[in-house]
Amino acid sequence: MYEPIRTKSVHTMAGAADTDFPHRSREEELDIQLAGHLAALLTVTDELRALAPSADLDAAAERLAGQVTRLRGGMAPVRATTAPRGSEPRITALHRRAHTLAGRALVVAASRADTAAAILSAERMDAHSAALTDPREPITAG
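Keep in mind that what you see is a predicted model, and the values were worked out from it rather than measured. (Residues numbered from 1 in each chain as written. Predicted model: local features only at pLDDT ≥ 70, side-chain atom pairs only at ≥ 80, totals over all residues. Heavy atoms only, no water.)

Peer 1: So what exactly am I meant to see when it comes to unusual backbone geometry here?
Peer 2: What you tend to see is this: most non-glycine residues have negative phi, and most peptide bonds are trans. Its identity is not glycine, yet Ala113 carries a phi of approximately 60 degrees, on the positive side. Classification of Ala113 by relative accessible area gives exposed; the value is 63%. (Buried < 20%, exposed > 50% of the residue type's maximum accessible area, 1.4 Å probe, protein only.)

Next up, the structure:
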């Protein structure tokens, strides 16, 4: 029914081989993606720590930083310092964002079978979910 293509595509660069650029494995891609989600979660956690200081959030931030460092081959994440400038609606929005980011990290961690990151992500989802249901309830480090 259709005539097969007999010539090379005009979109293929002349003389270009598939080895001209580095390829990453699926595991490396998942590591990069997971590190990105956890780094974003760390950023939101640091912002929450500035707005509503808590020893539990401090512990969670350190655990997140440890996981990001591990996934990046020893490179520690850049940590931003923010001045406390928030209100209850801002804190609630940050908890929602953190819950979403933890969920994304959980999906990637489960996909790459990273138990430590999956447990940490699930614990953060639970903590932010609890903070959304009752803002006066303390956030656990889990």
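Peer 1: Just to check I follow, could you spell out helix H2 (residues 55–71) for this structure?
Peer 2: An α-helix turns once every 3.6 residues. As a result, residues three or four positions apart point the same way. The end-to-end C-alpha separation of H2 is 25 Å, in line with the 24 Å expected for 17 residues at 1.5 Å each. Residues Leu57, Ala60, Ala61, Leu64, Ala65, Gln67, Val68 and Leu71 constitute the buried set of H2. Around the axis of H2, the buried residues are gathered within 165 degrees of arc, so they sit on the same side. Taken together, the buried residues of H2 touch helix H1 (26–51) and helix H4 (115–133). Where H2 terminates, the next one or two residues include Gly73, which has phi positive at roughly 70 degrees. (Helix = DSSP H or I, 4+ residues; strand = E, 2+ residues; numbered from the N terminus. Expected span 1.5 Å × (residues − 1). Arc of directions from axis to C-beta. Contact = heavy atoms within 4.5 Å.)

Peer 1: Would you mind showing me how to read the packing of helix H3 (residues 88–111) against H4 here?
Peer 2: The packing of two helices is summarised by the inter-axis angle and the distance between the axes. Close contact between H3 and H4 brings their axes to 8 Å; oriented N to C, the two are set at 155 degrees. The angle between H3 and H4 falls in the class roughly antiparallel. Considering the relative orientation of H3 and H4, their crossing is left-handed. The segment H3 lies against H4, with Thr92, His95, Arg96, Ala98, His99, Ala102, Gly103, Ala105, Leu106 and Ala109 engaging Ala117, Ala118, Ser121, Ala122, Arg124, Met125, His128, Ser129, Ala131 and Leu132. Class assignment for the residues of the contact of H3 with H4 results in eleven nonpolar, seven polar and two charged. (Axes fitted to C-alpha atoms, helices over the stretch in contact; angles between N-to-C directions. Parallel < 35°, antiparallel > 145°, perpendicular 65-115°, else oblique. Left-handed = near helix turned anticlockwise from the far one by under 90°. Nonpolar A, V, L, I, M, F, W, Y, C, P; charged D, E, K, R; others polar.)

Peer 1: Explain the packing of H1 against H3 here, please?
Peer 2: In contact at an axis separation of 9 Å, H1 and H3 are set at 160 degrees when each is read in the N-to-C sense. With respect to each other, H1 and H3 are oriented roughly antiparallel. At the point where H1 passes H3, the crossing takes the left-handed sense. Looking at the contact of H1 with H3 residue by residue, the class counts come to 16 nonpolar, four polar and five charged.

Peer 1: Looking at this structure, how should I read the confidence of the model for the chain?
Peer 2: As a general rule, the predicted coordinates of low-pLDDT regions are not to be interpreted in detail. Looking at the chain as a whole, the pLDDT averages 84, with 77% of positions reaching at least 70. Of all the helices and strands in the chain, H1 carries the lowest mean pLDDT, 92, while H2 carries the highest, 94. Segment residues 138–142 is flagged for pLDDT under 50; beyond a separation of four residues in sequence, or across chains, it makes 19 contacts in the model. (pLDDT = per-residue confidence, 0-100.)

Peer 1: Sorry if this is basic, but what is going on with the pattern of salt bridges here?
Peer 2: Should their charged atoms come close, side chains of opposite charge can pair. Under the definition given, this model contains ten salt bridges. Between Arg49 and Asp46 there is a salt bridge, with the nearest N and O atoms lying 2.7 Å from each other. Remark: Asp46 and Arg49 occur in helix H1; sequence separation between them is three residues, near one turn of the helix. Residue class for Asp46 comes out buried when judged on its relative accessible area of 9%. (Salt bridge = Lys/Arg side-chain N within 4 Å of Asp/Glu carboxyl O.)

Peer 1: Even after reading the chapter, I still don't get the nonpolar core, so can you show me in this structure?
Peer 2: Judged by nonpolar contacts, the single largest core of 28 residues is most densely connected at Leu34, Leu38, Leu41, Val44, Leu48 and Leu64. When residues of this core are traced back to their parent elements, those giving at least two are H1, H2, H3 and H4. Looking at which element gives the most residues to this core, the answer is H1, with ten residues. When neighbours within four sequence positions are excluded, Leu34 is seen to be in contact with Leu71, Ala105, Val108, Ala109, Arg112, Asp114 and Ala117. (Core = buried A, V, L, I, M, F, W, Y, C linked by side-chain atoms within 4.5 Å.)

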